[in-house]
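Chain residues, written in single-letter form:
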Amino acid sequence: MPDAKTPTAAPNPAEKKVTPASKIPGRPKNVTPDAKINKKSAPLPELVIVADDFGVSEQRNLGILHAMEAGVVTLASVMVNGAAAEAGIQLARERGFLGRLGLHLNLTEGRPLLGAAEVPSLLLDGGDADQEGTGLGGPEPRFRGKFGFREACDAGAVVAAEAAAEARAQLAWFEEHVGRPAARVDGHQHCHVHAAVSAALAGALAAAGVTHTRIPAERCGPGVLCALCGKVRAEAEAAAAVYAAAGVRFADGFVGLSLCGGGYSARQLADAVRAQLKGGALSCEVMVHPGYKAREPWDGFDADARREGELRTLCDPELRAALDGVARLAPPPEAARYEAGGGAEE
């Protein structure tokens, strides 16, 4: 997730030329004239709105669940090494939302599930436990951080097999605590789309039965994205073919990089979804980060007042009205197996 130290936007060469949707593997080709003629009889595109970082703190958990109950959020993505992951899953169980949980694979912040000797290339150099920007304490080694992870990947310092091993550990943790395997996996700070690890992670996810991931290749004009988000988009465009080849699916469109964890209105979010659905897309994923202001925040992003601003927008009736006739909210199929107050068998 973005943090308070994210650099301000800078000119980004990657934004000068955006890959058309039709050129991204798994994305739709341009709509034909016949398809336009039959548009009125076609079903509305599916819209999945995913709240990231479930489990990072108690207040974020409560905010995300409220956005699922009273707003338009259809899925929560669990950060299993978050400080409140187990508590969040218990709340989801009590409120009948176990079927709406996916895995938020984390290779950038906090502590790994595996021991330091098993994933040394993912950790700060020398096992240093000081991860700037997080409120974590204690002597345990930490991941390299949002920028450090990508710098290490770029330098060839990250071992893909170690990333896959940590992914398998997080998938196993999710299955043990939720009571079923994760069907959907996305990456914290989009760690899963970097070319240094995408093939190994795609293989690990496919082997675990994961059916869907996130490809954050948001289509938007020059100057919209910060330098990091422009880099992520380029990585995602390349990773699309890797995940598609592994049989892991993803939405045709994506919204989230342009929002970058900031404040946005119901109308702005709805307009961003419309922009992604142009050209015949049948589905779109929206990444959001709602929550209440954390009393014991994980980091500056968790403590940012904009988390509550996102929560208000996602629960605003104006947003649901703006999306009406544009797309249909699509909870994951596995949600139907979990009734309110129930969940997986113990």
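S.K.: Quick rundown of the layout of surface pockets? Include the residues and the values.
M.R.: Approximately 360 Å³ is the volume attributed to the second largest pocket. Glu 46, Val 48, Arg 184, His 212 and Ala 251 are the residues nearest the centre of the second largest pocket, which is lined by 22 residues in total. Counting residues per element, the ones that place at least two in the lining of the second largest pocket are β1 (46-54), β2 (75-78), β3 (101-105), β4 (184-187), β5 (212-213) and β7 (283-288). A class-by-class count of the residues in the lining of the second largest pocket yields 11 nonpolar, five polar and six charged.

S.K.: Tell me about the pattern of salt bridges, and name the residues and values.
M.R.: The full count for this structure, using the stated rule, is 10 salt bridges. In this structure, Asp 52 engages Arg 214 in a salt bridge whose closest nitrogen and oxygen atoms are separated by 2.9 Å. Placement of Asp 52 in strand β1 and of Arg 214 in the loop between β5 and α7 (227-245) is noted, with a sequence separation of 162 residues between them. One exposure class covers both Asp 52 and Arg 214, and it is buried. The partner of Asp 186 in a salt bridge is Arg 214, and the shortest N-O contact between them spans 3.4 Å. Taken as a pair, Asp 186 in strand β4 and Arg 214 in the loop between β5 and α7 lie far apart in primary sequence, 28 residues in all. For the pair Asp 186 and Arg 214, one class covers both residues: buried. What you see here is one network of salt bridges that share partners, running through Asp 52, Asp 186, Arg 214 and Glu 285.

S.K.: So what about the environment of Ser 77? Which residues, and what values?
M.R.: Position of Ser 77 among the secondary structure elements: in strand β2. Assessed through its relative accessible area of 1%, Ser 77 is described here as buried. For the pair Ser 77 and Ile 64, spaced 13 residues apart in sequence, the C-alpha separation works out to 9.8 Å. Those residues in contact with Ser 77 that lie beyond four places of it in its chain are Val 50, Ala 51, Asp 52, Asp 53, Phe 54, Gly 102, Leu 103, His 104 and Asp 186. For Ser 77, the side chain forms a polar contact with the main-chain oxygen of Leu 103, separated by 3.3 Å.

Definitions and cut-offs
- Residues numbered from 1 in each chain as written.
- Predicted model: local features only at pLDDT ≥ 70, side-chain atom pairs only at ≥ 80, totals over all residues.
- Heavy atoms only, no water.
- 1 Å grid on protein atoms, 1.4 Å probe; cavity = no way out; pocket = protein on both sides within 12 Å on 5 of 7 lines; lining within 4 Å.
- Points joined across faces, edges and corners; volume = space filled by probe spheres on them.
- Helix = DSSP H or I, 4+ residues; strand = E, 2+ residues; numbered from the N terminus.
- Nonpolar A, V, L, I, M, F, W, Y, C, P; charged D, E, K, R; others polar.
- Salt bridge = Lys/Arg side-chain N within 4 Å of Asp/Glu carboxyl O.
- Buried < 20%, exposed > 50% of the residue type's maximum accessible area, 1.4 Å probe, protein only.
- Contact = heavy atoms within 4.5 Å.
- Polar contact = N/O pair within 3.5 Å; in protein donor to acceptor, adjacent residues only side chain to side chain.

Any functional reading would require information that these geometric values do not contain.
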